[in-house]
Every structure is written in C-alpha cells, then in structure tokens.
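# Remarks on the overall topology
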Amino acid sequence: MSINFKNVNYTYNSNTPIAHTALTDINLTIKDNIVTALVGHTGSGKSTLLQLLDGLLKPTSGEINVNDFILKSKTKNKGLKPLRKEIGIVFQYPETQLFAETVLEDVMFGPKNFGYSDKEAEATARKWLKRVGIDEDLFQHSPFDLSGGQMRRVAIAGVLAYEPNILCLDEPAAGLDPSGKAEIFSIFKEYQREDHGIILVSHDMNDVANFADEVVVMDHGKVASHDKVQNIFLDPEWLIRHHLNEPESISFALKLRNRGLDISPALNVKDLAEEIINEVGENLNE
Ligand SMILES: Nc1ncnc2c1ncn2[C@@H]1O[C@H](COP(=O)(O)OP(=O)(O)O)[C@@H](O)[C@H]1O
Ligand SMILES: [Mg+2]
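Residues numbered from 1 in each chain as written. Chains lettered and ligands numbered in written order. Predicted model: local features only at pLDDT ≥ 70, side-chain atom pairs only at ≥ 80, totals over all residues. Heavy atoms only, no water.

## Some points on the sheet that holds strand β9 (residues 214-219)
Filter applied, for reference: The pairing criterion for strands is at least two bridges between them, as found by DSSP. Helix and strand definitions follow DSSP, with helices as H or I runs of at least four residues and strands as E runs of at least two, each counted in order from the N terminus. Throughout, an axis means a line fitted to C-alpha atoms (over the contacting stretch in the case of helices), and angles, computed between N-to-C directions, take values from 0 to 180 degrees. Here a residue-residue contact requires only that any non-hydrogen atoms of the pair lie within 4.5 Å.
The sheet built from six strands is open, its strands ordered β6-β7-β8-β3-β9-β10 with mixed pairing. The open sheet is flanked by β6 (87-90) and β10 (222-228), the only strands paired with a single partner. Along the sheet, successive strands turn relative to each other by an average axial angle of 15 degrees, direction set aside. Across the sheet, helix α5 (residues 148-160) is in contact with β6 and β7 (166-170); its angle to β6 comes to roughly 175 degrees.

## Considerations on the site of ligand 1
Going by this rule: For this description, a residue counts as near a given molecule or strand if any of its non-hydrogen atoms is within 4 Å of it. We call two N or O atoms a polar contact when they sit within 3.5 Å, provided that within protein one can donate a hydrogen and the other can accept it, with sequence-adjacent residues counted only if both atoms are side-chain atoms. Throughout, the Shrake-Rupley method with a 1.4 Å probe supplies accessible areas, and for residues the shown protein chains are the sole cover considered. Under the scheme applied, nonpolar residues are Ala, Val, Leu, Ile, Met, Phe, Trp, Tyr, Cys and Pro; charged residues are Asp, Glu, Lys and Arg; polar residues are all the others, including Gly.
Around ligand 1, a shell composed of Tyr12, His20, Ala22, His41, Thr42, Gly43, Ser44, Gly45, Lys46, Ser47 and Thr48 is seen. In this structure, an oxygen atom belonging to ligand 1 sits 3.2 Å away from a main-chain N or O atom of serine 44. Within the side chain of threonine 48, an N or O atom sits 2.5 Å from an oxygen atom of ligand 1. Taking 560 Å² as the accessible area of ligand 1 by itself, protein coverage stands at 62%. Of all the elements in the fold, those that place two or more residues in the shell around ligand 1 are β2 (20-30) and α1 (46-53). Take the shell around ligand 1: its biggest share by element is three residues, from α1. The class makeup of the residues in the shell around ligand 1 is two nonpolar, eight polar and one charged.

## Re the packing of aromatic side chains
Centre-to-centre distance and the angle between the planes together describe a pair of aromatic rings. As a reminder of what qualifies: Within 6.5 Å between ring centres, the rings of Phe, Tyr and Trp (the latter by its six-membered ring) count as paired, and their orientation is classed by plane angle as stacked under 30 degrees, edge-to-face over 60, tilted in between. The cut-offs for exposure are 20% and 50% of the maximum accessible area for each residue type, with area from a 1.4 Å probe on protein chains only; residues under the lower value are buried, those over the upper are exposed, and the others partly exposed.
Under the defined criterion, the tally for this structure stands at seven aromatic pairs. Taking the centre distance of 4.8 Å and the plane angle of 85 degrees together, the rings of tyrosine 10 and tyrosine 12 count as edge-to-face. What makes tyrosine 12 partly exposed here is its relative accessible area of 27%. With a centroid separation of 6.5 Å and an interplanar angle of 55 degrees, the aromatic rings of phenylalanine 188 and phenylalanine 211 are classed as tilted. Of this pair, phenylalanine 188 sits in helix α6 (residues 178-193) while phenylalanine 211 sits in helix α7 (residues 205-211), placing them 23 residues apart in sequence. An aromatic cluster of at least three residues, connected via ring pairs, comprises Phe185, Phe188 and Phe211.

## Notes on the coordination of the magnesium ion (ligand 2)
Tetrahedral metal sites with four donors have an ideal angle of 109.5 degrees; octahedral sites with six donors have ideal angles of 90 or 180 degrees. Operational definition: The donor definition counts N, O and S atoms within 2.8 Å of each metal and applies 3.2 Å to Na, K and Ca; water is not among these atoms, so some sites may look incomplete.
Bound to the magnesium ion (ligand 2) on the protein side are Ser47 (OG) and Gln92 (OE1), at distances that span 2.1 to 2.7 Å. One end of the pair, serine 47, is in helix α1; the other, glutamine 92, is in the loop between β6 and α3 (103-113), and 45 residues separate them in sequence. Look at serine 47 and you get partly exposed, because its relative accessible area is 24%.

## Let's talk about the sheet that holds strand β5 (residues 69-71)
Within the open sheet, the four strands sit side by side as β2-β1-β4-β5. Their pairing is antiparallel. One side of each edge strand has no neighbouring strand; the edge strands of this open sheet are β2 and β5. Going from strand to strand, the sheet's axes swing by 20 degrees on average, the running direction of each strand aside. In terms of strand pairing, strand β1 (residues 3-12) meets β2 through seven bridges, oriented antiparallel. Bridge pairing in β2 links isoleucine 3 to isoleucine 30. Along the sheet, α1 contacts β1, β2, β4 (61-66) and β5; its crossing angle with β1, the most-contacted strand, is approximately 120 degrees.

The values reported here are purely geometric and, on their own, carry no functional implication.
Quick look at the structure:
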C-alpha cells in the first residue's frame, strides 16, 4: 500500500485571521512494507502529515493517493472507513486515544468498529495486549489508572488489534524505559516483517538509525530530504542546519576517523563494535 503526496499544502484554520500554514508543497512517495522515519524539529509538521494519511485532516490543496483512495480538500469522511482500517495511527499522547471503561474494551473498540464480531474482537484484543506486555490482571482496569508507559502500550495494542496495513507511530517510545523500548521496537520490527509498512515519527536519531529503512527530514513544513537511512547522517553540518543530531554510533565513528582509524560510519552500536574490532584487529596483527 504505497502513499503518494502531490503538491500538498495544509493550513490550520484556513481563511480565518488565525490561519497557520503547517505544510507547504509536499511531494513524497512512501513505499510499501518498509520503515520510513519522519524526523524534524518541533513544529516542522510531522504530526500534521500523519493526520493527513487517513483523512483525519484534509489537504488544503493538492492530493494524497493511498492505493485507490484520493484525499483532497473536498473529500468527505463518508467512505473513508476502509482507508482508516488500513492506516493505523498511534498518536503522540496516548491519553488522547484511550477512552473506554476498561483496557480490554478500549482495545476491542477498533476491531469492532471495523466489523469484527465481539468474539473476534476480544480474541485479537487479548492477543495484542499480551504481545505488548500488558498483564491480564490489568484488562478490567480503567486505562486511566495505568502508568504512562502502560497507557502507551495499550494505545499501541488498540491499533495493532485491527492489523492495519500501515502502522503510523508518533513518538512511540516516549514514557518507556530502555528495556520497554527495546521490547516495543522488536514488536514493531516483527510486524513490519509480516508485510506491513511502518511510519515512525521520532526525535531520537539512535532509534531512527537502528530501525528505519528510509528517512524523511521535515523542516518548517517542507520536505528537506528523503533518502535511505545510511545516506541521511553523513553530513554533520547539514544535520545541524536542519536541527538534527547524528546517532551516537556515527559521531563516535567520526571521532575515531579523526584520530586516523579507518572506521565507516556505523548506524548502530553493534555495527560500530564490528568496525572497531576489524580495524584494531588488523593493527594488532601488523
Ligand atoms: N490544531 C492546531 N491548530 C493550529 N496550529 C497547529 C495545530 N496543530 C499544530 N499546529 C501548528 O502547525 C505546525 C506543525 O505542527 P505539528 O504537525 O504538530 O509539528 P510536529 O509534529 O513536527 O512537532 C506548528 O507550527 C504547530 O504550531
Ligand atoms: Mg508532533
């Protein structure tokens, strides 16, 4: 299910005195079945772009094609349900997404809304709640009694439960400790391997480098770059100009290069360790 933006502009409160343009002339193709990271400074338009994908917001001008769906300024919500089943969005603040009396009912809502029977909805809700690490003891609790990290897991389960073709995640690791984060990312990776696309909004370049295949850099409502992850972090000055930093493994590799070691910029700590072992090993053997 590929996504195509053609000359898309988005203005909040368009034609009013408080009009505010959030996206300008977006032309972008997001490929099927890969992880695309969406990065950029606060206010660069990442969350707005996500909300355009399932027609929650409509472009002020231009159009977005998602398979057979065409989203334009005049597109009506009626008829968008099949699209919303395929584009699942986990929002930045999970408390805005949760609403039901109990955790289980909350996660069953999506599947029921998209036509699963009560029995099927309960089965998929239980499966995904367990998979994201929510203990069965919590299923009958109010989602608002949970910790921030647990709420985020429930919000994630609530979207995974209807198995959207494209999973959109707006800062999914916020509020999780490092082991919780590793766990949740491994679930996302597994989901992607089962032939799903993922769009990940993140300010953490270590996560982006570790997890993404392609990166879209947003700057002041425009696409500043769209490239494979291994090409995005190569120019430190360009990154600074676009309010980004480099993953730690790359800055570390660059420091070693400056000291004369022949180390390639590695995208994660594991690859960096390999690089160092190869290089130092060679020196030791000399
Ligand atoms: N509901 C809204 N009403 C008016 N302006 C908004 C609204 N939501 C976001 N904006 C503005 O649109 C721009 C893009 O915001 P957003 O998409 O939330 O950026 P990001 O997710 O990259 O931080 C920002 O200037 C922000 O202040
Ligand atoms: Mg945002």
